[in-house]
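# Working through the structure, step by step
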Amino acid sequence: TFGLGLHIPGMPDEADWTKALGAFISEQPAMFATILFFMSIAEGESVGHSGDNFRGKSTKTPGDLNFDYLGMKKKLSPEKYARYELVEIKNG
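Keep in mind that this is a model prediction, so the values were computed, not measured.

## Digging into the overall build of the protein chain
Counting its secondary structure elements, the protein chain contains four helices and two strands. Helices and strands appear in the protein chain in the N-to-C order α-α-β-β-α-α. Counting the 92 residues in the protein chain, one finds 8% classified as buried. Sequence separation of 24 or more characterises 9% of the internal contacts of the protein chain that already satisfy a separation of 6 or more.

## Points about the packing of aromatic side chains
Under the defined criterion, the tally for this structure stands at two aromatic pairs. Ring geometry for Phe24 against Phe32: centres 6.2 Å apart, planes inclined by 80°, an arrangement best described as edge-to-face. The interplanar angle of 70° and the centroid separation of 5.4 Å between the aromatic rings of Phe37 and Phe38 together place this pair among those described as edge-to-face. For Phe37, a relative accessible area of 48% translates into the label partly exposed.

## What to know about a nonpolar patch on the surface
Among the surface-exposed residues, Met31, Ile35, Leu36 and Met39 lie close enough to one another that they form a single nonpolar patch of about 360 Å² accessible area. In this structure, Met39 sits in helix H2 (residues 29-47). By relative accessible area, Met39 is classed as partly exposed at 49%.

## Some thoughts on the environment of Asp13
The residue Asp13 is located in the segment before helix H1 (20-27) in this model. The exposure class assigned to Asp13 is exposed, which follows from its relative accessible area of 52%. Between the C-alpha atoms of Asp13 and Ala23, which are ten residues apart in sequence, the distance is 8.3 Å.

## Considerations on the pattern of salt bridges
Per the counting criterion, the structure on display carries one salt bridge. Measuring nitrogen to oxygen at the nearest pair gives 3.9 Å for the salt bridge that ties Asp16 to Lys19. Classification of Asp16 by relative accessible area gives partly exposed; the value is 29%. Classification of Lys19 as exposed rests on a relative accessible area of 51%.

## Things to note about the confidence of the model for the protein chain
In the predicted model, the protein chain carries a mean pLDDT of 78, and the fraction of residues at 70 or more is 71%. Strand S1 (residues 51-52) is the least confidently modelled element of the protein chain, averaging 61 in pLDDT, while H1 averages 90, the highest of any element.

What counts, and at which threshold
- Residues numbered from 1 in each chain as written.
- Predicted model: local features only at pLDDT ≥ 70, side-chain atom pairs only at ≥ 80, totals over all residues.
- Heavy atoms only, no water.
- Helix = DSSP H or I, 4+ residues; strand = E, 2+ residues; numbered from the N terminus.
- Buried < 20%, exposed > 50% of the residue type's maximum accessible area, 1.4 Å probe, protein only.
- Contact = heavy atoms within 4.5 Å.
- Phe/Tyr/Trp six-rings, centres within 6.5 Å; stacked < 30°, edge-to-face > 60°.
- Patch = residues over 30% accessible without salt bridge, like charges linked within 9 Å, V, L, I, M, F, W, Y side chains within 5 Å.
- Areas by Shrake-Rupley, 256 points an atom, 1.4 Å probe, with all protein chains shown as cover.
- Salt bridge = Lys/Arg side-chain N within 4 Å of Asp/Glu carboxyl O.
- pLDDT = per-residue confidence, 0-100.

As structure tokens, this is what we get:
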């Protein structure tokens, strides 16, 4: 094995990481479908915390995760806060 030298027994052994997903899908289609299914359930459940993002009914403001434990948001002027908000929306 290459890369990290890690190989999970029962999984395809593909040295080229760019072809690993294709090898996994062709050799383990049921496992790939199961992983994809549970990922979509997790994504769908996470939507409930912020509203329906897919239909534009979200209650969340982009860039605002309510993670301001130092209270820095209150210290900024409205102009500076608007600038930082715009930067966050543009750059993520």
